[in-house]
There are 4 protein chains.
Amino acid sequence: LETELVSHKKLSNYNPDVIFLGLPHGISMEFVKEHQNAGYKIIDLSGDFRLSSGEVYEQWYNTKHIYPEGIDEAVFGLPELFSNDIAKAKLVANPGCFPTGAVLSLAPLVKNELIDNQHIIVDSKTGVTGAGIKPKPVNLYSNVADNFTAYGLKKHRHTVEMEETLSSQTSDKVKLLFTPHLLPVDRGILTTTYSLPRKDIQEAAIKRLYADFYKNEPFVRITNTIPDLKSVRGSNFIDIMVAYDERTNKILTVSALDNLVKGAAGQAVENMNIMFGLERDAGLKHLPLKP
Amino acid sequence: LETELVSHKKLSNYNPDVIFLGLPHGISMEFVKEHQNAGYKIIDLSGDFRLSSGEVYEQWYNTKHIYPEGIDEAVFGLPELFSNDIAKAKLVANPGCFPTGAVLSLAPLVKNELIDNQHIIVDSKTGVTGAGIKPKPVNLYSNVADNFTAYGLKKHRHTVEMEETLSSQTSDKVKLLFTPHLLPVDRGILTTTYSLPRKDIQEAAIKRLYADFYKNEPFVRITNTIPDLKSVRGSNFIDIMVAYDERTNKILTVSALDNLVKGAAGQAVENMNIMFGLERDAGLKHLPLKP
Amino acid sequence: LETELVSHKKLSNYNPDVIFLGLPHGISMEFVKEHQNAGYKIIDLSGDFRLSSGEVYEQWYNTKHIYPEGIDEAVFGLPELFSNDIAKAKLVANPGCFPTGAVLSLAPLVKNELIDNQHIIVDSKTGVTGAGIKPKPVNLYSNVADNFTAYGLKKHRHTVEMEETLSSQTSDKVKLLFTPHLLPVDRGILTTTYSLPRKDIQEAAIKRLYADFYKNEPFVRITNTIPDLKSVRGSNFIDIMVAYDERTNKILTVSALDNLVKGAAGQAVENMNIMFGLERDAGLKHLPLKP
Amino acid sequence: LETELVSHKKLSNYNPDVIFLGLPHGISMEFVKEHQNAGYKIIDLSGDFRLSSGEVYEQWYNTKHIYPEGIDEAVFGLPELFSNDIAKAKLVANPGCFPTGAVLSLAPLVKNELIDNQHIIVDSKTGVTGAGIKPKPVNLYSNVADNFTAYGLKKHRHTVEMEETLSSQTSDKVKLLFTPHLLPVDRGILTTTYSLPRKDIQEAAIKRLYADFYKNEPFVRITNTIPDLKSVRGSNFIDIMVAYDERTNKILTVSALDNLVKGAAGQAVENMNIMFGLERDAGLKHLPLKP
């Protein structure tokens, strides 16, 4: 990091109510550690405080965690599952872009113990801003345009974030295989999940379950048509469709969100709204830009 | 179809050795029926002669098959699996673009009985030329660019083509869930498959198995890096990578091909080369256009 | 047109204040003629009422004008030049997307008689939504992506719209050559103009002139850096830069706007705001979506 | 440059007939100077030997030229104009991508003294590979996709290359205004030129002139339809169309080429073929990849 971290002293002059951290992982924890006793709340967009412990963090991020106490304190900022905790939190770990889509897609199934938690496949496709704005071969125009590929096979850090968050909704630990792919678009994530039912199910019943699960959620739209990126582009919405294939006895979901809004900055604002008792959609009312 | 089918009489004047049919399904069978006793060979790029029977065809295509005898006669034109039969065939059913990628990705596993044939997931992403060149909302620029979605959930016709072709390689019938997605690129298909091992396996052993399985195939490149569309763009190559995730006990494959070459016209030429004893890669030597 | 025009009678039930017409040219004039005595105002987005007379219209549109009285009544809805007239208008002809960019780029030069009005070049590049949403070969994804071309050489209808509007600002008739090009983007128009100074000029003076000319305009941003499409994407802004090349004695301008907002629907709303005494930017405050 | 230049000694071991230099400008001249007495021929793809003198070079490149003798010796490698000289050359300066398109578009007009050489406009639009493969903000996917802009206004180095090459075809010095724009495509340049006729002309006569001028050129296709990038993509062709607009008395041309082939490596091979008496299209027979 080229710029030095702003010191607590300097920040205090501004007397802020809340700080949004858009720092690389490993740097965020330094900031949070230094500022732990400040009066303001923190919403951290890095991966530093999303996992369950310093050990798990070190295992997936190959970095020692210098402030595990922060992990204990932090609330995972996925409003659809944790809004009560977020409302009282001093430190919110804003979820990763992929976990937001995958967890919201699967939570109704996991919480209701409808699927085998050992055989979940998460196949995601993301726009290139997921790789940051620092120019490098992976986000060079002529490498991305007309192209498509998978990456981070078997070991992408968002895997454990999905597993731990979903596991928190059930007594039966979730283990899943997550495969991200890189799309030639600037923003947006579409996630397709596959899972095996534990018992006899009907498509209509699952569809009702999803509609019911999210019925009070302003940014989740349960759809009957297949979600696509342009329908959420620039907005804080996540569109989710669930289906059951009787022929192969599989449940599949398709979800779409904008990784820069619901997958990052929009969700951060949503968390702030909850933390400060504001309207949930304050500053987040913009519609998708389509086409 | 606006244009009438060329009559057998007219075609005979040209005394062709082989005819390539680029007709819609349902029309191809009319042509083949009428021309069944002609001296020339036929390579049909439609879906009319790829399946096992008129009944299966009617079930997936919602069209009565008027020439089921052609189905019995036709050879499925996937050279890597059926080159001996292709060499002697009078009628070749050129494979669909998705089945070419999926079957070549999974054949080594199925033939060697390494995976559970009831739990295979095929998640494919295709360029927009897969939808044909007739302008319609689905291939309109402003609907495709910046966008990504799934389609044909649970009932895409290529599903049964994959299942039957893979089942022909083993005694244990294959049933799989196939989900196609539409990419904002003009050409190319990337297919990711997920399957469950039947027994204890090692990644290195599976990688060797793949290299060995295709060691004499000029157009299959088994790679250690993850395939991408640009590496095969404009060429007849298919790149395949296999991996094993010990953590979740899943096998995954990623493959890439150009749907207009190995997925259609290129493979048709490859079949012609085999049928006429020509060099396998005659007319197919062009390298990928990258970038 | 498949759907019949809504009759005046039916519309009256709704007692509207204003009607926006998004009809093809030739159909709009039928509607306006039928509804001429209705109480509501009309903002027409077609080309039917933008030109100076029925004769000129017929010459460029190859269509007889059935309601030339409407032409006399209509006000050209370019707020930066005609806001006083728009405020009093009953019928507003919303400008074409290309003329909006070209006229605002050149108006300060023409009005101040700085350039030779016989040697103006307008070279525009538009996103594909300019061609409408009806699928046809010209807006098919695989024809547009990776591609770029010119079209409508020498005879695009927006030529005369630019000429007449610019001519209205000076005593010396403007004649220009307009060449549109088709970009592989969904929305946005970038226009580059070239013209010859009539007298000695200085770049700094022209830059001041532009800043001054538009100093009270909320949607015109005079920039020192070169405008680009993403900086206006989804917004009602038009960015304009002017430069003088001493070496070749040419003035050039570069401007960018979103053809679906400032080039169409956004400007229509802006006109409504003026006609009804609302805030000029009511409903038009959204920022560009970048990236 | 990180890697050191290969010494003459090392290269001699390979006993090459010809060397292609793909070095940055400023570095190429070092190589050429060091290797000036070697037995092999050199085709240099940098800008170091394309201009008329060290002074002109320093003026446009802001770099001192360390080997102006090379400039005197070098032949400008545009086969359509200089094939006789290229055949005898020891050092060929392969043309820039923009000059190739602009010069071939305008040469028939300039050579035949049909236009005013002081009022030529060259408006070019290039794919992003023109900016090289080193990742930087200007070729970052999310800055290029959905975007379009101009750059290098008034001072792009290819301006002088166009002017000097065109001036070599006539006694009346050419001065032109060149404006490059950046397209969201990986490869391809489309150039539109505007010029003023010196005398009365007819469109049909100019079209015949172009057809005649290039009638023996294997890679120039004079077209009646407007050129587009996809029609030349991946090939060594340049398509050129000329038109005359009677209404404004302007001549316009539109040309398309692939900047990586006819605009760079393909033309370099073409030059080698001429230098060694090979077939002009040896290694250059590949057709455009369309779509």
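Structure shown above.
Here the structure is a predicted model, which means the values were calculated and not measured.

The subject of this paragraph is the overall build of chain A. Broken down by element type, chain A carries 10 helices and 11 strands. Over its C-alpha trace chain A gives a radius of gyration of 19 Å, about what one expects of a compact globule, namely 19 Å for 291 residues. Projected onto the principal axes, the alpha-carbon positions of chain A cover approximately 65 × 45 × 40 Å. Per-residue burial for chain A yields a buried fraction of 62% across its 291 residues. Long-range contacts, defined as pairs at least 24 residues apart, comprise 69% of the intrachain contacts of chain A with a sequence gap of at least 6. Carbon and sulfur atoms form 50% of the exposed surface of chain A, whose accessible area is close to 11,400 Å². Distance between charge centres in chain A, computed from 32 positive and 35 negative side chains, equals 2 Å.

On to the packing of helix 5 (residues 79-88) of chain C against helix 10 (residues 261-275) of chain C. Residues and elements named next belong to chain C. Contact pair helix 5 / helix 10: the axes reach a minimum separation of 9 Å and the direction vectors enclose 40 degrees. Regarding the angle of helix 5 to helix 10, the classification is oblique. When you trace helix 5 past helix 10, the crossing you get is right-handed. Residue-level contacts link P79, E80, S83, I86 and A87 of helix 5 to K262, Q267, E270, N271, I274 and M275 of helix 10. Here the contact of helix 5 with helix 10 is composed, by residue class, of five nonpolar, three polar and three charged.

We now examine the interface of chain D and chain C. Counting residues at the interface gives 48 residues for chain D, matched by 48 residues for chain C. With both chains or domains summed, chain D and chain C bury close to 4,100 Å², and 61% of this area falls on carbon and sulfur atoms. The largest contributions to the chain D side of the interface with chain C come from D:D146, D:K154 and D:R247, which together make up 17% of the buried area. For the pair chain D and chain C, the interface holds eight salt bridges. Its salt-bridge partner being C:R247, residue D:E163 comes within 2.7 Å of it at the nearest N-O pair. One can count 36 residue pairs in polar contact (both at pLDDT 80 or more) joining chain D with chain C. Residue assignment for the side of chain D that touches chain C shows that the elements contributing at least two residues are strand 5 (120-126), strand 6 (149-150), helix 8 (158-167), strand 7 (176-182), strand 8 (189-195), strand 10 (238-245) and strand 11 (250-257) of chain D.

This brings us to the relation of the copies chain D and chain C. Mapping chain D onto chain C leaves a residual RMSD of 0.0 Å; the transformation is a rotation of 180 degrees accompanied by 0.0 Å of translation along its axis. Interpreted geometrically, this transformation is the action of a two-fold axis. Residue D:P184, judged by its C-alpha, is the member of chain D lying nearest the rotation axis, at 3.4 Å.

Residues and elements named next belong to chain C. Pairing is mixed in the open sheet, where seven strands are placed in the order 6-7-5-8-11-10-9. Bordering the open sheet on either side are strand 6 (149-150) and strand 9 (220-222), each of which pairs with just one other strand. Across the face of the sheet, helix 8 (residues 158-167) comes into contact with strand 5 (120-126) and strand 7 (176-182) while running at roughly 135 degrees to strand 7.

For the rest of this paragraph, the subject is the environment of D:K230. Mapped onto the secondary structure, D:K230 falls in the loop between strand 9 (220-222) and strand 10. Along the chain, D:K230 and D:G188 lie 42 residues apart, while their C-alpha atoms are 8.1 Å from each other. Within the structure, the side chain of D:K230 is placed 3.0 Å from the side chain of B:D186, a separation counted as a polar contact. Of the polar contacts made by the side chain of D:K230, one reaches the backbone oxygen of C:S142; its length is 2.6 Å.

In this section: the sheet that holds strand 2 (residues 41-44) of chain D. Residues and elements named next belong to chain D. With parallel pairing, four strands are arranged side by side in an open sheet as 1-2-4-3. Looking along the sheet, the strands with just one partner apiece sit at the ends: strand 1 (18-21) and strand 3 (75-76). Sheet topology note: the strand 1/strand 2 ladder contains four bridges and is parallel. The residue of strand 2 that forms the bridge with V18 is K41.

Attention now moves to the relation of the copies chain B and chain C. When chain B is fitted onto chain C, the two copies agree to an RMSD of 0.0 Å after a turn of 180 degrees and an axial shift of 0.0 Å. Most of the interface of chain B is mirrored in chain C, where 100% of its interface residues are also at the interface.

Calculation notes
- Residues numbered from 1 in each chain as written.
- Chains lettered and ligands numbered in written order.
- Predicted model: local features only at pLDDT ≥ 70, side-chain atom pairs only at ≥ 80, totals over all residues.
- Heavy atoms only, no water.
- Helix = DSSP H or I, 4+ residues; strand = E, 2+ residues; numbered from the N terminus.
- Rg over C-alpha atoms; globule rule 2.2 N^0.38 Å.
- Buried < 20%, exposed > 50% of the residue type's maximum accessible area, 1.4 Å probe, protein only.
- Contact = heavy atoms within 4.5 Å.
- Areas by Shrake-Rupley, 256 points an atom, 1.4 Å probe, with all protein chains shown as cover.
- Lys, Arg positive; Asp, Glu negative; His and termini not counted.
- Charge placed at Lys NZ, Arg CZ, Asp CG, Glu CD.
- Axes fitted to C-alpha atoms, helices over the stretch in contact; angles between N-to-C directions.
- Parallel < 35°, antiparallel > 145°, perpendicular 65-115°, else oblique.
- Left-handed = near helix turned anticlockwise from the far one by under 90°.
- Nonpolar A, V, L, I, M, F, W, Y, C, P; charged D, E, K, R; others polar.
- Buried area = accessible area lost by both parts, 1.4 Å probe.
- Salt bridge = Lys/Arg side-chain N within 4 Å of Asp/Glu carboxyl O.
- Polar contact = N/O pair within 3.5 Å; in protein donor to acceptor, adjacent residues only side chain to side chain.
- Least-squares fit on C-alpha atoms with pLDDT ≥ 70 in both.
- Pairing = 2+ DSSP bridges.

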